[in-house]
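Secondary and tertiary structure notes
As a plain string of letters, each chain reads:
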Amino acid sequence: MNRSLLLAALPLAVIHPAAAAPREAPSKERMRATVEKLVSFGTRHSLSSATDPVRGIGAARNWTAGQFAALSRECGGCITTERLSRRFIGPRAPDGVVIEDVLGIQPGSEPGRYVIVGAHIDSRVTDVMNVTSDAPGANDDASGVALVLEAARILSKHKFKATIVYAVFSGEEQGLWGATLLADTAKARGWQIDAMLNNDIVGNSVGQGGVVDANRVRVFSEGIRSSESLAEDMERRAIGGEDDGPSRALAKAIDGIADALPGKFDVMLDRRPDRFGRGGDHEPFLKLGYPAVRFSVGAENWDRQHQDVRTENGRVFADTIDGMDFDYLAKVTAINVATIARLAAAPAAPASASIAGALTRDTTVKWAAVPGAQSYRVRWRANDRQAWSDERVVTGATTTLLKNVPVDDHFVGVSAVGADGAESLVTFAGRDRG
Ligand SMILES: [Zn+2]
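For the chain, the name recorded in an unreviewed UniProt entry is Peptidase family M28, with Sphingomonas palmae as its organism. Recorded in UniProt for the chain, the comment headed Subcellular location (unreviewed entry) runs: "Secreted".

Right, here's the structure in full:
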């Protein structure tokens, strides 16, 4: 086949694999405009009007859908807008409410694989059942919605292997309902989710009491999959790997990606699923076994979350724009964009990996082949460490021998690497279960 015919036959993503690394910086002006617009709907409480054209969550969702449509027009229809809805009932909606998610979907060249970035559009004040008072929800979580829309704007100019879903959830404050709806939908449709990034409260650098934390974002992750079966749990107890579940591997990847970005903005790899005793929209995904993490600011300001807008003795209570830092939000957005770009450009992670080497000084590593992988990266570390310390690139094989790396004292993992160098998450190597 001559070259022009070959090019004509290939999808664009194959011709431009280097699209994995968008260099465009997030626009803090655009994100400020998004937050201002979302605040202008007065309240975005999940039980507020779904039909009022100017006030309430319905108007906010319609505006968001319009943003995805506008972005799609600029990329030749590369984003499909989809609205999911389901009726939920619970203590925080005793009469029931139709919860609706607004999705922008950017199909990739490898159907079936998905990377999701999400945030919740609903807001609240002190009383979670108050649907009428102004609930600006600037940082919680218009900041996350602004991040999702800005990520879509930047990434829609590039092509990827995995499909990217830009998700705007409702019903978070009533019970994580919008995220539950999308996780259930993903399961029903058979999506393979390579990563889910939940962004909730990502736009302030001044925390409670005036503490400044401007150069760090927390990324929360579970170490052991909450979806593990009893058999998997027993195996984990036998071989270790409490710090190497898929969500923890995702958090570690994000930490490395952030280190490689300019600006010395750090990821705090927070080793619990969420803040102490609290939860968020990544949880429904964890329950179904998908790798998912939560981004949240380094220092929260509780006077500026979930509060009736008021001033008491000179102390301001309000989740309003003046409590935000858009330089900070842009930096968190850049980490999300780089993470999505890498994982959506990379092959899938190996479905399985194993190690063996009893009674020898060497460890044999084997893993499942991954379609589209150009090479594999085998990583290992001594068992008293948390970060990978050594690595080997393997091409043209799905096994390798690590000489003088005793199996008893080392953790091992394997990732898949594409032609453009984009690397998947690391699959932890356990016992060969045949
Ligand atoms: Zn929130």
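That shown, we press on.
This part covers the UniProt feature "domain: Peptidase M28" (unreviewed entry) in the chain. When the UniProt feature table is mapped onto this chain, "domain: Peptidase M28" (unreviewed entry) is found at residues 102-306. From the first C-alpha to the last, residues 102-306 spans 23 Å; its make-up is 32% helix and 21% strand.

Here the focus is the sheet that holds strand β13 (residues 375-382). Pairing in this open sheet of four strands is antiparallel, and the strands run β14-β13-β16-β17 from one edge to the other. Lying at the two open borders of the sheet, with one neighbouring strand each, are β14 (390-394) and β17 (427-428). Both strand β16 (residues 410-417) and β17 contribute to a ladder of two bridges, which runs antiparallel. By the bridge assignment for β17, G413 is matched with F428.

To continue, consider the packing of aromatic side chains. Taken as a whole and assessed by the stated rule, the structure comprises eight aromatic pairs. Aromatic side chains F88 and W177 sit 5.3 Å apart centroid to centroid with 15° between the ring planes, which places their arrangement in the stacked category. Here W177 lies in helix α7 (residues 177-189) and F88 lies in strand β1 (residues 80-90), a separation of 89 residues in the sequence. On the basis of relative accessibility, which here comes to 9%, the residue F88 falls in the buried class. Taken together, a centroid distance of 5.3 Å and an interplanar angle of 75° make the contact between F265 and Y328 edge-to-face. Here Y328 lies in helix α11 (residues 326-345) and F265 lies in the loop between α9 (246-260) and β7 (266-270), a separation of 63 residues in the sequence. Judged by relative accessible area, Y328 falls into the buried class, the value being 1%. Through pairs of rings, three or more aromatic residues link up here, namely F169, F285 and Y290. R310 extends its terminal NZ or CZ atom over the ring of F317, reaching a point 4.2 Å from the ring centre.

At a closest axis distance of 9 Å, the pairing of helix α3 (residues 28-39) and α11 adopts a crossing angle of 105°. Accordingly, the angle class assigned to the pair α3 and α11 is roughly perpendicular. On α11, the residues that touch K28, M31, R32 and V35 of α3 are F326, D327, L329, A330 and T333.

The rules we used
Just so you know, the residues in each chain are numbered from 1, in the order the chain's sequence is written. Two thresholds apply to this predicted model, a pLDDT of at least 70 for residue-level local features and 80 or more for giving and counting side-chain atom pairs, whereas whole-chain, interface and lining totals are computed over all residues. For side-chain calculations, the full set of non-hydrogen atoms in the structure is used, while hydrogens and water are omitted. UniProt positions are given in the numbering used here, feature names are shortened, and annotations may be inferred rather than shown by experiment. Think of it this way: any DSSP run of H or I at least four residues long counts as a helix, any run of E at least two long counts as a strand, and we number them from the N terminus. Strands are labelled as partners when DSSP assigns at least two bridges between them. Any two of the Phe, Tyr and Trp rings considered here, Trp counted by its six-membered ring, make a pair once their centres fall within 6.5 Å; the pair's planes then place it as stacked at under 30 degrees, edge-to-face at over 60, or tilted in between. Here the term buried applies to any residue with accessible area under 20% of the maximum for its type, exposed to any over 50%, and partly exposed to those in between, with areas from a 1.4 Å probe on protein chains only. Think of it as a cone above the ring: NZ of Lys or CZ of Arg counts as a charge over the ring if it is within 6 Å of the ring centre and within 35 degrees of the ring normal. Simply put, an axis is a line fit to the C-alpha atoms, just over the touching stretch for a helix, and the angle between two N-to-C directions goes from 0 to 180 degrees. Here the angle decides the label: under 35 degrees means roughly parallel, over 145 means roughly antiparallel, 65 to 115 means roughly perpendicular, and every other value means oblique. Only heavy atoms matter for contacts: two residues are in contact if any of them lie within 4.5 Å across the pair.

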